[in-house]
Amino acid sequence: MVADKLIYSGRLWKFGDNISTDHILPSRFMTEVEPHELAANCMAGCDPKFAAQVRFGDIFAAGENLGYGSSREQAPQALKYAGIRVVIAKSFARIFYRNCFNIGIPALICPQLVEETSEGDRVEVDLEKGVITNHALGRNYEFTKPPEFMLEYIQLGGLIPYLENQMGK
Amino acid sequence: MGLTVTEKILSYKTNRKDITPGQIIEVPVDVAFIHDNNGPIAIQQFSKLPLAKVWDSDKVYFVLDHHSPSSTIRAAQHHRNIRDFAGQYGCHLIEVGRGISHPVMAEEGIPRPGNIVVGSDSHTVGLGTFGCLATGIGSTEMAAVLATGKIWMKVPETIKIVLNGKLSPGICSKDVALLILKHFGPSFLNYMAVEFEGSLIDKLTLDERMVITVMSLEMGVKNALMPVDSRLLAKIGAGSAQEEIISADPDARYVAVIHFDVSSLEPMVATPPLPTSGGVVTDVAGTEIHQAALGSCSGAFYHDLEQAAKILKGRKIAPGVRFVIVPNTSHVMAAAVRSGIIDTLLKAGAIISSPSCGVCGGYEVGCLAPGEVCISTTTRNMEGRMGVGGKIYLASALTVAASAVTGCITDPRNLLGDV
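All values reported here derive from a predicted model rather than from experimental measurement.

*Asks:* Break down the overall build of chain A for me, with residues and values.
*Replies:* When its secondary structure is counted, chain A shows 8 helices and 7 strands. For a compact globule of 169 residues, the expected C-alpha radius of gyration is about 15 Å, and chain A comes in at 15 Å, within 12% of that figure. Along the first, second and third principal axes, the C-alpha atoms of chain A reach 45 × 40 × 25 Å. The proportion of buried residues among the 169 residues of chain A is 63%. Counting contacts in chain A only where the partners sit at least 6 residues apart, residues at least 24 apart contribute 65% of the total. When the accessible surface of chain A is split by element, carbon and sulfur atoms take 48% of a total near 6,500 Å². Considering chain A, the positive charge centre built from 17 side chains and the negative charge centre built from 21 side chains are found 1 Å apart.

Below you can see the structure in the form of structure tokens.
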């Protein structure tokens, strides 16, 4: 699936600092691999209502060091299958950051947006321009665009389709 | 300008002289290992590449360590799929019961100085004890490594941590690790390489060094390196030309050099909910516990079992407390049986479980009920790590064993006497 324009608009969820992959998907669910199972238990480590209330197209924001801890890719996958299209944080733990792009979810560093935006606000992310707009506040926030090859991951749906493309060449 | 050890490895591996922090480079992988928690997704993703073959099966290890042996039908099925995949492509398979990836890879002498090692586990950084650039990656990225033998990396900035001084009686390398974590916090070293040196390192065994490199991940590091010194070379055998002692250039660029003197260090405890929230044991002494645990890639080496036995010899676990011990490899278990340590631990009332990640992530053994408190040598104490509502304090094997005996968090020096 190739996205034409890298623009995402959605309702924002907001969490604090050091949200670990154990919070996002606790280890007791680690033998689960099916999308609906991962989605149903998303954020089970700290917010049991999240999985029932999240909607397709929502945007996930958190403070410093989002994705701290375990390398488990099931955590960003759970967010993806629960409907999250973009994650934004003040900063990311490195494996989680790479995992997000590898499965086709943009992970954006934008501290000021996280600081000033409230849960439930509608935001629009323009990945190619490097701008996030908070419609409720009427404000724009710039972020450093990821390298080109990572944007290509997002356009193609992740590292595997990217690689398939490369191998087919 | 000179290069740090991490930069030297990247320079050598890519044949580039211009290695600078911030560059994005593609590097060849020498060793890749995948465990049973992330293997299923890695295999699933790999199978989406119809043209792909495993790039070099001799460099790939599957390790069944998280659910070991399997206690659910689901885990058993994952294991079966992993065994089939490893068999199909001729990859190495490390079976259930052998132990946790990192210490097993270390025992088998697989990581060599100068190697690039990637593992599907965050604590892969612990293998930097052997002078290699070792880092954790996710399942999809692992599928790409299996297909290509390569991975992109951003050249990290390097920080040097110098550890000097002599540990007092009752103080372990886990206390040193918790001190360093307390200093830097959970994200201060994100994306960075850390290189350790100093007179303390010279005195530590390789296992004790690995306690520190494994725990470094909890500060966000990309990789952690211990010096390639005579102790390491004696253990892994004389190196080939490529494995000559790797050391930083005298004019290498470090973003910072931080010194610690551990001579006056006291037993440390990381309080919930972060491994970096350390303090001295006396701050939390007396906190009632329900479980004590020795486990994980950073807390169930032979020296950990030996230290626990030193405390437990001739004593009993407190009523109402269970003491769960999960040796981190089968070799550790066998050595502890031969030396009588297991007998001492069992006589005191401890429970010995099969080598695995076990209690560290609340996998199958040693889960907590809501409201219960555990003191543990494991790697993490985030909320819910051993069960929703359970609280985890991290400490050395001596502090954990002393707490198991008294039923509350206890300074082990109170029980060590003149030892």
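Still more ground to cover, so stick around.
*Asks:* Account for the pairing of strand β7 (residues 139–142) of chain A, with residues named and values stated.
*Replies:* All names here are of chain A. Pairing geometry for strand β6 (residues 131–134) and β7, over 4 bridges, is antiparallel. Residue asparagine 134 lies in a different strand from β7, and its bridge partner there is arginine 139. The hairpin turn running from β6 into β7, its antiparallel successor, is 4 residues long, and glycine 138 in that turn takes a positive phi close to 65 degrees.

*Asks:* Before we move on, can you summarise the packing of aromatic side chains with the specific residues and values?
*Replies:* Residues and elements named next belong to chain B. All chains considered together, the criterion is met by 16 aromatic pairs over all chains. Measuring from centroid to centroid gives 5.6 Å for phenylalanine 46 and tyrosine 89, while their planes differ by 85 degrees, and the two rings are edge-to-face. One end of the pair, phenylalanine 46, is in helix α2 (residues 39–46); the other, tyrosine 89, is in helix α3 (residues 73–89), and 43 residues separate them in sequence. A residue is classified by how much of its surface remains accessible, and tyrosine 89, at 24% relative accessible area, is partly exposed.

*Asks:* An account of the sheet that holds strand β3 (residues 60–63) of chain B is needed here, citing residue identities and associated values.
*Replies:* Residue and element names in this part refer to chain B. The 5 strands lie next to each other as β4-β3-β2-β5-β6, forming an open sheet whose pairing is parallel. Among the strands making up the open sheet, the edge pair consists of β4 (92–94) and β6 (133–136). Averaged over all neighbouring strand pairs, the angle between strand axes comes to 20 degrees, with direction disregarded. Of the strand pairs in this sheet, strand β2 (residues 31–35) and strand β5 (residues 116–119) are connected by 3 bridges, and their pairing is parallel. Paired with valine 31 across the two strands is valine 117, which belongs to β5. Across the sheet, α3 is in contact with β3 and β4; its angle to β4 comes to roughly 150 degrees.

*Asks:* Explain the domain arrangement of chain B to me, and be specific about the residues and the numbers.
*Replies:* Residue and element names in this part refer to chain B. When its domains are assigned, chain B resolves into domain 1 (5–15 + 22–261) and domain 2 (268–416). If you average the C-alpha positions of domain 1 and of domain 2, the two centres end up 25 Å apart. Between domain 1 and domain 2, the residue contacts involve 36 residues of the former and 38 residues of the latter. Carbon and sulfur atoms make up 62% of the surface buried where domain 1 meets domain 2, a total of about 3,100 Å² over both sides. Of all residues in domain 1, Ile100, Lys174 and Leu178 bury the most surface against domain 2, accounting for 18% of the area lost on that side.

Cut-off values and rules
Residues numbered from 1 in each chain as written. Chains lettered and ligands numbered in written order. Predicted model: local features only at pLDDT ≥ 70, side-chain atom pairs only at ≥ 80, totals over all residues. Heavy atoms only, no water. Helix = DSSP H or I, 4+ residues; strand = E, 2+ residues; numbered from the N terminus. Rg over C-alpha atoms; globule rule 2.2 N^0.38 Å. Buried < 20%, exposed > 50% of the residue type's maximum accessible area, 1.4 Å probe, protein only. Contact = heavy atoms within 4.5 Å. Areas by Shrake-Rupley, 256 points an atom, 1.4 Å probe, with all protein chains shown as cover. Lys, Arg positive; Asp, Glu negative; His and termini not counted. Charge placed at Lys NZ, Arg CZ, Asp CG, Glu CD. Pairing = 2+ DSSP bridges. Phe/Tyr/Trp six-rings, centres within 6.5 Å; stacked < 30°, edge-to-face > 60°. Axes fitted to C-alpha atoms, helices over the stretch in contact; angles between N-to-C directions. Domains from an automatic or database assignment. Buried area = accessible area lost by both parts, 1.4 Å probe.

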